[in-house]
Amino acid sequence: MAKRHLPLLQPARAAEEDRPRSPWQWVGFGAAAIFTVWVPLSILAVAASSRLVAAATDPAGQRKAVVLALCVYALDLALGAFAGGYLVGRWGPSGVGVREGAKAGLGATIALAVLAWAMLGATPNDSVLAGLVVVAVVAPCMAAWGARAGLRRR
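Report follows, based on the coordinates. (Residues numbered from 1 in each chain as written. Predicted model: local features only at pLDDT ≥ 70, side-chain atom pairs only at ≥ 80, totals over all residues. Heavy atoms only, no water.)

Some thoughts on the overall build of the chain
Per the secondary structure count, the chain includes five helices and zero strands. In the chain, the succession of helices and strands from N to C terminus is α-α-α-α-α. Intrachain contacts of the chain at a sequence separation of at least 6 include 85% that bridge at least 24 residues. Counting only carbon and sulfur atoms, one obtains 68% of the accessible surface of the chain, whose full area is about 10400 Å². (Helix = DSSP H or I, 4+ residues; strand = E, 2+ residues; numbered from the N terminus. Contact = heavy atoms within 4.5 Å. Areas by Shrake-Rupley, 256 points an atom, 1.4 Å probe, with all protein chains shown as cover.)

Here it is in structure tokens:
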């Protein structure tokens, strides 16, 4: 009597394993990597910026501390976006590169905008909108730069 195998337990075909992922999947991987790097760095940025603002005593020093805190936040976003773009450029298949890295940054921006809208309601204030504009500029540019660096290492 011949053994019968369940279809789920049969070995996978080699042709299906070698098939590269489509570019849109790499955009999703890059956006997820941006958040994976960005969130822990944001926790560190909160700690650093709160110390900067708390140490300021006069109004001019407070304005300077707020500007430095915003630069810290922009830097952690830039590092996260660069890392996500680098992942796309370095390990993506041929045909996946700078464009998909920039799309990953744009995808992370859209995800953040949706999260902000869900948490803050339909009418966010001006500072939230200004922050989203900064994210919309920094994230795609840095992710594209990271993808370019990743392509050089491929």
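Considering the packing of helix 3 (residues 59–91) against helix 5 (residues 126–153)
Between helix 3 and helix 5, the shortest axis-to-axis distance is 6 Å and the interhelical angle comes to 40 degrees. Comparing the axis directions of helix 3 and helix 5 gives the class oblique. Here helix 3 runs over helix 5; the crossing is right-handed. Facing Ala-74, Leu-77, Ala-78, Ala-81, Phe-82, Gly-85, Tyr-86, Gly-89 and Arg-90 of helix 3, the residues of helix 5 in contact are Val-135, Val-138, Ala-139, Met-142, Ala-143, Trp-145, Gly-146, Ala-147, Ala-149, Gly-150, Leu-151 and Arg-153. Across the contact of helix 3 with helix 5, the residue classes break down as 15 nonpolar, four polar and two charged. (Axes fitted to C-alpha atoms, helices over the stretch in contact; angles between N-to-C directions. Parallel < 35°, antiparallel > 145°, perpendicular 65-115°, else oblique. Left-handed = near helix turned anticlockwise from the far one by under 90°. Nonpolar A, V, L, I, M, F, W, Y, C, P; charged D, E, K, R; others polar.)

A short note on the nonpolar core
Of all hydrophobic cores here, the largest spans eleven residues; its members are Ile-34, Trp-38, Leu-77, Ala-78, Ala-81, Ala-104, Ala-108, Val-135, Ala-139, Met-142 and Ala-143. Among the secondary structure elements, those contributing two or more residues to this core are helix 2 (23–55), helix 3, helix 4 (98–120) and helix 5. Among the elements that line this core, the one with the most residues is helix 5, at four residues. For Ala-108, the residues in contact, after removing those within four places along its chain, are Ala-31, Ile-34 and Phe-35. (Core = buried A, V, L, I, M, F, W, Y, C linked by side-chain atoms within 4.5 Å. Buried < 20%, exposed > 50% of the residue type's maximum accessible area, 1.4 Å probe, protein only.)

Examining the packing of helix 2 against helix 3
In a pair of packed helices, the angle between the axes and the distance between the axes together describe the arrangement. Remark: helix 2 packs on helix 3, axes separated minimally by 8 Å, with the N-to-C direction vectors making an angle of 160 degrees. Between helix 2 and helix 3, the crossing angle belongs to the class labelled roughly antiparallel. Here helix 2 runs over helix 3; the crossing is right-handed. For the contact of helix 2 with helix 3, the residue count by class is 24 nonpolar, five polar and one charged.

Brief notes about the packing of aromatic side chains
Across all of its chains, the model carries four aromatic pairs by this definition. Between Trp-26 and Phe-29, the aromatic rings sit 5.3 Å apart at their centres with planes inclined by 90 degrees, giving edge-to-face as the arrangement. Taken together, the residues Trp-26 and Phe-29, both in helix 2 and three residues apart, mark about one turn of the helix. Judged by relative accessible area, Trp-26 falls into the buried class, the value being 11%. On the accessibility criterion, Phe-29 (34% relative accessible area) is partly exposed. (Phe/Tyr/Trp six-rings, centres within 6.5 Å; stacked < 30°, edge-to-face > 60°.)

Observations concerning helix 5
With 28 residues, helix 5 should reach 40 Å at 1.5 Å per residue; the first-to-last C-alpha distance of 41 Å fits that figure. Taken residue by residue, helix 5 has Leu-132, Val-135, Ala-139, Pro-140, Met-142, Ala-143, Ala-144, Gly-146, Ala-147, Ala-149 and Gly-150 as its buried positions. Here the buried face of helix 5 lies against helix 2, helix 3 and helix 4. (Expected span 1.5 Å × (residues − 1).)

These figures capture arrangement, not role.
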